[in-house]
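Per-entry structural report
Listed here are the chains, written in short residue letters.
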Amino acid sequence: MAQRSENQLSILIPVYNHVCVELVTRLHQQAVALDIDFEIVVADDGSTDQACIDTNRAISNLSNCRLIERKENAGRAAIRNFLAQQSQYAYLLYIDSDMTVISPDFISRYIACLPATVVDGGVAISASTPEQEQLLRYRHEKSEEPRHTAHERQKTPYQHLHTANILVSRELMLSYPFDERLRNYGYEDVLFGKTLRQNRIPITHIDNPMGFCTFEQNADFVAKTEEGLRTLYQFRSELRGYSRLLTLVSGIHIPAILWLMRLWHQVFGATERRNLCGSRPYLLVFKLYRLGYYLSLLKNREG
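Along each chain, residues carry numbers from 1 onward, in the same order as the chain's sequence is written. It should be noted that, the model being predicted, local features are given only for residues of pLDDT at least 70 and side-chain atom pairs only at 80 or more, the latter also being counted only at that level, while totals for whole chains, interfaces and linings use all residues. Computation of side-chain values: all heavy atoms of the structure, hydrogens and water removed.

Going along the chain from the N terminus, every DSSP run of H or I of four or more residues is numbered as a helix, and every run of E of two or more is numbered as a strand. Tallying secondary structure elements over the protein gives 13 helices and ten strands in all. Expected size for 303 residues packed as a compact globule is a radius of gyration near 19 Å; at 20 Å, the protein falls within 12% of this value. Overall, the C-alpha framework of the protein stretches about 70 × 45 × 35 Å when taken along its three principal axes. Note on exposure labels: buried denotes an accessible area under 20% of the residue type's maximum, exposed denotes more than 50%, and partly exposed covers the range between, all computed with a 1.4 Å probe on protein chains only. Taking all 303 residues of the protein together, the buried fraction comes to 51%. By definition, residues are in contact when any of their heavy atoms lie within 4.5 Å. The contacts of the protein with a sequence gap of at least 6 include a subset with a gap of at least 24, amounting to 82%. Total accessible area computed for the protein in this model is approximately 14,800 Å², and 51% of it derives from carbon and sulfur atoms. Under the counting rule used here, the positive set is Lys and Arg, the negative set is Asp and Glu, and His together with the chain ends is not counted. Working definition for charges: the position is that of NZ of Lys, CZ of Arg, CG of Asp or CD of Glu. With 34 positive and 34 negative side-chain charges, the protein shows a separation of 8 Å between the mean positions of the two kinds. For a compact globule the rule gives 2.2 Å times the number of residues to the power 0.38, and the radius of gyration it is set against comes from C-alpha atoms. All accessibility values rest on the Shrake-Rupley procedure with a 1.4 Å probe; residue burial counts only the protein chains present in the view.

Pasting the structure below:
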């Protein structure tokens, strides 16, 4: 007798210049122990680091696991759609390649939720060294962690959808794919949440986090933040109501205040950026820099 689809799972991991063999191995161990029909599909999205590519090839040595190497970078949305098309089972579990398994029953908690359409497990922030705790990315993510609990996410379920750790039915994913216009960093998961809301598709938020334990150096995170803000500007009309920064900016109705904020960024933005890229970054400076950077995009591109 064939197993029910509730016991069939495709674990999908997009990767770019990152080694994820340990992640796949731990997920593989849990799936095997559950005696379910499963596959783990890792899609390399045109990595440029040959050492990462070579190391990740060990994934294909595990049962029910395969690594797909793509020559060109398709972008964060397109690679996730590609993984869905490559999958074979009824439920898809998307996991980012820099996540860490922190629960021995991680997969079984998701299986217990089925059948379902969308289940978001969340993330937990932890640093492995004192040096990591001084990084801007760690400080920022840690300050946001209270928003990551299932209770908080369920208050506004469509605005708190994150593809780092999310289960979706395959049928749903193929019907409502990620918006492939988003090729650069940021917001493909936010627009996906908006699509689900528009189509009245329910989301369940649970506390079944993956560990977020990898934090880039400050200069890299600042550059990634700037890239995300450019994405936010490009899709500001679609993202209205789904971004706290957009909500903040739209709530400022006094032109003089906007002018002063832009002037502040023009005068002090470079100094703020040096602090953020340095060894002692401040979260308040990060918030001011993000706001000023976005307002400068509005000014420079809209006149």
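There is more to say after this.
Spatially, E5-E10-E7 is the arrangement adopted by the three strands of the open sheet, whose pairing is mixed. Where the open sheet ends on each side, the last strands, each with one partner, are strand E5 (99-100) and strand E7 (123-125). In terms of strand pairing, E5 meets strand E10 (residues 210-212) through two bridges, oriented antiparallel. Following the sheet pairing, methionine 99 is matched in E10 by phenylalanine 212. Two strands make a pair as long as DSSP finds a minimum of two bridges between them.

With eight of nine residues buried, strand E2 (residues 37-45) lies mostly within the body of the structure. For strand E1 (residues 8-15) and E2, the ladder comprises eight bridges, and the chain directions are parallel. Each residue of the ladder has a partner; that of glutamine 8, found in E2, is aspartate 37. Once the chain exits E1 it traverses helix H1 (residues 21-34) before rejoining the sheet at E2, and the crossover so formed is right-handed. In terms of strand pairing, E2 meets strand E3 (residues 65-70) through six bridges, oriented parallel. Bridge assignment links valine 42 to a residue of E3, and that residue is leucine 67. Taken together, E2, helix H2 (residues 50-56) and E3 form a β-α-β motif whose crossover is right-handed. We call a crossover right-handed when, viewed with both strands directed away from the observer, the connection leading from the first strand over the helix to the second proceeds clockwise.

Note that a disulfide, as used here, is simply two cysteine sulfur atoms within 2.5 Å. Taken as a whole and assessed by the stated rule, the structure comprises zero disulfides. The cysteine cysteine 52 is free of any disulfide, with cysteine 20 supplying the nearest cysteine sulfur at 9.2 Å. In this structure cysteine 52 comes out as buried when scored by relative accessible area, which is 10%. Not part of a disulfide, cysteine 65 finds its nearest cysteine sulfur in cysteine 20, a span of 10 Å.

Glancing now at H1. What a helix should span is 1.5 Å times the count of its residues minus one. Over its 14 residues, H1 runs 20 Å from end to end, which matches the ideal 20 Å to within 8%, given 1.5 Å per residue. Regarding H1, the residues found buried are Val21, Leu23, Val24, Leu27, His28, Gln30 and Ala31. A positive phi of about 55° marks aspartate 35, the residue just after H1.

Our next topic: the pattern of salt bridges. A side-chain nitrogen of Lys or Arg and a carboxyl oxygen of Asp or Glu constitute a salt bridge if their distance falls within 4 Å. For the structure shown, the criterion picks out 18 salt bridges. Across the pair arginine 153 and aspartate 120 runs a salt bridge whose closest N-O atoms are separated by 3.4 Å. Of this pair, arginine 153 sits in helix H6 (residues 150-155) while aspartate 120 sits in strand E6 (residues 118-120), placing them 33 residues apart in sequence. The residues arginine 153 and aspartate 120 share a single accessibility class, namely buried.

This brings us to unusual backbone geometry. Leaving glycine aside, a negative phi is the common case for residues, and trans is the common case for peptide bonds. Between leucine 114 and proline 115 the backbone carries a cis peptide bond, its omega angle lying at 5°. Within the element layout of this structure, proline 115 appears in the loop between helix H4 (106-111) and E6. One non-glycine residue, asparagine 17, adopts positive backbone phi at about 55°. Overall, the relative accessible area of 25% leaves asparagine 17 in the partly exposed class. Residue tyrosine 187 is not a glycine yet carries a positive backbone phi of 80°. Counting through the fold element by element, tyrosine 187 comes out in the loop between helix H7 (170-175) and helix H8 (188-198). Take tyrosine 187: its relative accessible area is 17%, and that puts it in the buried class.

Geometry is summarised by axes, namely lines fitted to C-alpha atoms with helices restricted to the contacting stretch, and by angles between N-to-C directions that run from 0 to 180 degrees. At a closest axis distance of 8 Å, the pairing of helix H9 (residues 218-234) and helix H12 (residues 255-277) adopts a crossing angle of 130°. Between H9 and H12, the angle falls in the class oblique. Residues Asn218, Ala219, Val222, Ala223 and Glu226 of H9 touch H12, and the partners they reach there are Arg273, Leu276 and Cys277. Orientation labels follow simple angle bins: below 35 degrees gives roughly parallel, above 145 gives roughly antiparallel, 65 to 115 gives roughly perpendicular, and whatever is left gives oblique.

Fair warning: the whole summary comes from geometry, so function is off the table for now.
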